[in-house]
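What follows is the residue order along each chain.
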Amino acid sequence: MTHEVVDNVRAMRWHREALEMLDQRELPAREVWVRCTTCAEVASAITSMVVRGAPAIGVCAAYGAVLSARVRQRDDRGGWRAGFDADLDALARARPTAVNLVWAVERMRRVARAADDAAAPGAILDAAHALHRDDVDGNRRMGAYGAALLGARAPVLTHCNTGSLATGGYGTALGVIRSAWAAGKVERVLADETRPWLQGARLTAWELVRDGIPVDLLADGAAAWAMRRAGVGWVIVGADRVAANGDVANKIGTYALAVAARHHGVRFMVAAPTSTIDPDCPDGDAIPIELRAEAEVLTAGGRRIAAEGARAWNPVFDVTPAALVDALVTERGVIERPGPEAIAAHLGRA
Ligand code: MRU
């Protein structure tokens, strides 16, 4: 049985000369829009997880560059370009692992350099809209490529949130799942709750319920057992950075899923746009891994749950070696068993 795809959620919108972001810290309880009128506000929203997910961060950063050019031209007059570059440098540092952030920032910097002063803000806004549109279009193509890999109707397992909220729209791994559901290939989605931010429980479940796609939440520790007992067809995840050799940085817990998938003979797919591939990063060891506050692990819902005196180690991403990835799917197609040569060829750099 096939289904209709809904996809009516967007994480960000350019509205009345400002960037508005759906505050993902408040979901699913409340739908609150945060309005940013400066680049520093956008950087702060990214750091504090108002918006998260690698491609969504990139799209918001592009709009952040628009705000910088406008504010700097208004306030700094002749010298606006130095302030603009400083704003973009700070924006690029808002979170370290998702390479889409730097990719979008550098793209906007090039657009600004190519434009004369009067035309620059408009040119950057056009480029930001195009980047946003291209992300959604690319995700739909990626969804079709990924869905074509799936076999008979079966449960799929996913981690974190990789949907419309994590991208310009539609999603990466969740986009593949949407397309596969539409084609009748997904029986239900097993979604890891994804401690400590609970992107799976709060965001993925919210998106899937809105789309009418059946979702069962898993405590993260239940995933390997689900692979043994629940007939999982594929594990499908996104990425924050893919190194030139195919190693994949993604939400903490992804590596454990890949190890468990290989052990159980379950296929493991990474869905990510080419903007998430970092050709300058030779392998996973070179990917900067964000460490966040201990409090995120020591507390839940704002209340301390850990024994007083206990400390926490909170890396929020891990690296899955390329050897554990069966398929890397981008908006350009599928790389089976990704390695350096296949990735370089895929990027047109061979
Ligand atoms: O810390 P987050 O929520 O920004 O982490 C997000 C993820 O790890 C996603 O899986 C990744 O960005 C791919 S989403 C399109």
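What counts, and at which threshold
- Residues numbered from 1 in each chain as written.
- Predicted model: local features only at pLDDT ≥ 70, side-chain atom pairs only at ≥ 80, totals over all residues.
- Heavy atoms only, no water.
- Domains from an automatic or database assignment.
- Contact = heavy atoms within 4.5 Å.
- Buried area = accessible area lost by both parts, 1.4 Å probe.
- Salt bridge = Lys/Arg side-chain N within 4 Å of Asp/Glu carboxyl O.
- Polar contact = N/O pair within 3.5 Å; in protein donor to acceptor, adjacent residues only side chain to side chain.
- Helix = DSSP H or I, 4+ residues; strand = E, 2+ residues; numbered from the N terminus.
- Nonpolar A, V, L, I, M, F, W, Y, C, P; charged D, E, K, R; others polar.
- Axes fitted to C-alpha atoms, helices over the stretch in contact; angles between N-to-C directions.
- Left-handed = near helix turned anticlockwise from the far one by under 90°.
- Pairing = 2+ DSSP bridges.
- Near = heavy atom within 4 Å.
- Areas by Shrake-Rupley, 256 points an atom, 1.4 Å probe, with all protein chains shown as cover.
- 1 Å grid on protein atoms, 1.4 Å probe; cavity = no way out; pocket = protein on both sides within 12 Å on 5 of 7 lines; lining within 4 Å.
- Sits in = over half its atoms within 2 Å of the grid points.
- Buried < 20%, exposed > 50% of the residue type's maximum accessible area, 1.4 Å probe, protein only.
- Points joined across faces, edges and corners; volume = space filled by probe spheres on them.

## As for the domain arrangement of the protein chain
Accessible area lost upon the coming together of the parts is a frequently used measure of interface size.
Turning to step 1, where the next piece is worked out: Each domain of the protein chain was delimited in the assignment, giving domain 1 (12-135) and domain 2 (138-346).
Turning to step 2, where the next piece is worked out: Relative placement of domain 1 and domain 2: their C-alpha centres are 25 Å apart.
Turning to step 3, where the next piece is worked out: Contacts between the two partners involve 26 residues from domain 1, matched on the other side by 31 residues from domain 2.
Turning to step 4, where the next piece is worked out: Carbon and sulfur atoms make up 52% of the surface buried where domain 1 meets domain 2, a total of about 2300 Å² over both sides.
Turning to step 5, where the next piece is worked out: If you look at where domain 1 meets domain 2, you find two salt bridges.
Turning to step 6, where the next piece is worked out: Residues Glu-290 and Arg-95 are paired through a salt bridge, measuring 2.8 Å at the closest nitrogen-oxygen approach.
Turning to step 7, where the next piece is worked out: Inspection of the domain 1/domain 2 interface yields 19 residue pairs in polar contact (both at pLDDT 80 or more).
Turning to step 8, where the next piece is worked out: Listing elements by their share of the side of domain 1 that touches domain 2, those giving two or more residues are α2 (54-76), α4 (99-114) and α5 (120-149).
Turning to step 9, where the next piece is worked out: Considering each element in turn, the side of domain 1 that touches domain 2 owes the most residues, four residues, to α2.
Turning to step 10, where the next piece is worked out: Its residues placed into classes, the side of domain 1 that touches domain 2 shows 13 nonpolar, seven polar and six charged.

## Focus on the packing of α4 against α5
Turning to step 1, where the next piece is worked out: Across the interface, α4 lies against α5 with an axial gap of 9 Å and an inter-helix angle of 145°. Between α4 and α5 the crossing geometry is right-handed. Residues Trp-103, Ala-104, Arg-107, Met-108, Val-111 and Ala-112 of α4 lie in contact with α5, whose contacting residues are Ala-123, Ile-124, Ala-127, Ala-128, Leu-131 and Asp-134.
Turning to step 2, where the next piece is worked out: Looking at the contact of α4 with α5 residue by residue, the classes come out as ten nonpolar, no polar and two charged.

## Quick notes on the sheet that holds strand β16 (residues 333-336)
Turning to step 1, where the next piece is worked out: Spatial ordering of the open sheet is given by β6-β5-β4-β7-β10-β15-β16, a layout of seven strands whose pairing is mixed. Both edges of this open sheet fall to β6 (215-218) and β16, since each of them pairs with a single strand only. Averaged over all pairs of adjacent strands, the angle between their axes in this sheet comes to 25°, without regard to strand direction.
Turning to step 2, where the next piece is worked out: Inspection of the sheet shows strand β4 (residues 154-158) paired to strand β5 (residues 186-192) by four bridges, in the parallel sense. Among the inter-strand pairings, Thr-158 is bridged to a residue of β5, identified as Ala-191.
Turning to step 3, where the next piece is worked out: Packed on one face of the sheet, α5 meets β7 (234-237), β10 (267-271), β15 (327-330) and β16 and runs near 150° to β15.
Turning to step 4, where the next piece is worked out: Helix α6 (residues 173-182) rests against β4, β5, β7 and β10 of the sheet, and its axis sits at about 160° to β5.

## A closer look at the site of the ligand
Turning to step 1, where the next piece is worked out: For the ligand, the set of nearby residues contains 19 residues, the closest of which are Arg-52, Arg-95, Asp-240, Asn-250 and Lys-251.
Turning to step 2, where the next piece is worked out: One of the side-chain N or O atoms of Arg-52 is found 2.8 Å from an oxygen atom in the ligand.
Turning to step 3, where the next piece is worked out: Coverage of the ligand by the protein chains reaches 100% of its 410 Å² of free accessible surface.
Turning to step 4, where the next piece is worked out: Here the ligand occupies the largest cavity.

## Observations concerning the pairing of β16
Turning to step 1, where the next piece is worked out: Pairing analysis gives four bridges linking β15 to β16, with the strands arranged antiparallel. Directly across from Val-329, in β16, lies its bridge partner Val-334.
Turning to step 2, where the next piece is worked out: Once β15 ends, the chain turns through two residues before running back antiparallel as β16.

## Let's talk about the environment of Ala-152
Turning to step 1, where the next piece is worked out: You can see Ala-152 is positioned in the loop between α5 and β4.
Turning to step 2, where the next piece is worked out: The class of Ala-152 is exposed, set by a relative accessible area of 69%.
Turning to step 3, where the next piece is worked out: Remark: the alpha-carbon pair of Ala-152 and Thr-172, spanning 20 residues in sequence, is separated by 21 Å.

## Focus on the layout of surface pockets
Turning to step 1, where the next piece is worked out: Space inside the largest pocket adds up to approximately 600 Å³.
Turning to step 2, where the next piece is worked out: For the largest pocket, the lining is made up of 29 residues, of which Trp-103, Arg-107, Thr-274, Ser-275 and Ile-277 are closest to its centre.
Turning to step 3, where the next piece is worked out: Within the residue set of the lining of the largest pocket, elements represented by two or more residues are α2, α4, α5 and β11 (277-278).
Turning to step 4, where the next piece is worked out: Of all the elements, α5 adds the most residues to the lining of the largest pocket, at eight residues.
Turning to step 5, where the next piece is worked out: Across the lining of the largest pocket, the residue classes break down as eleven nonpolar, six polar and twelve charged.
Turning to step 6, where the next piece is worked out: Mapping the lining of the largest pocket onto the domain boundaries places at least three of its residues in each of domain 1 (12-135) and domain 2 (138-346).
Turning to step 7, where the next piece is worked out: For the second largest pocket, the calculated volume is near 190 Å³.
Turning to step 8, where the next piece is worked out: Surrounding the second largest pocket, Arg-195, Pro-196, Trp-197, Leu-198, Arg-202, Ala-295, Glu-296, Thr-299, Ala-300, Gly-301 and Gly-302 form its lining.
Turning to step 9, where the next piece is worked out: Secondary structure elements with two or more residues in the lining of the second largest pocket: α10 (295-298) and β12 (299-300).

## Description of the side chain of His-346
Turning to step 1, where the next piece is worked out: In this structure, His-346 sits in helix α11 (residues 340-346).
Turning to step 2, where the next piece is worked out: His-346 gets classed as buried once you look at its relative accessible area, which sits at 16%.
Turning to step 3, where the next piece is worked out: When residues no more than four places from it in sequence are discounted, the contact partners of His-346 are Thr-274, Thr-330, Arg-332, Gly-333 and Ile-335.

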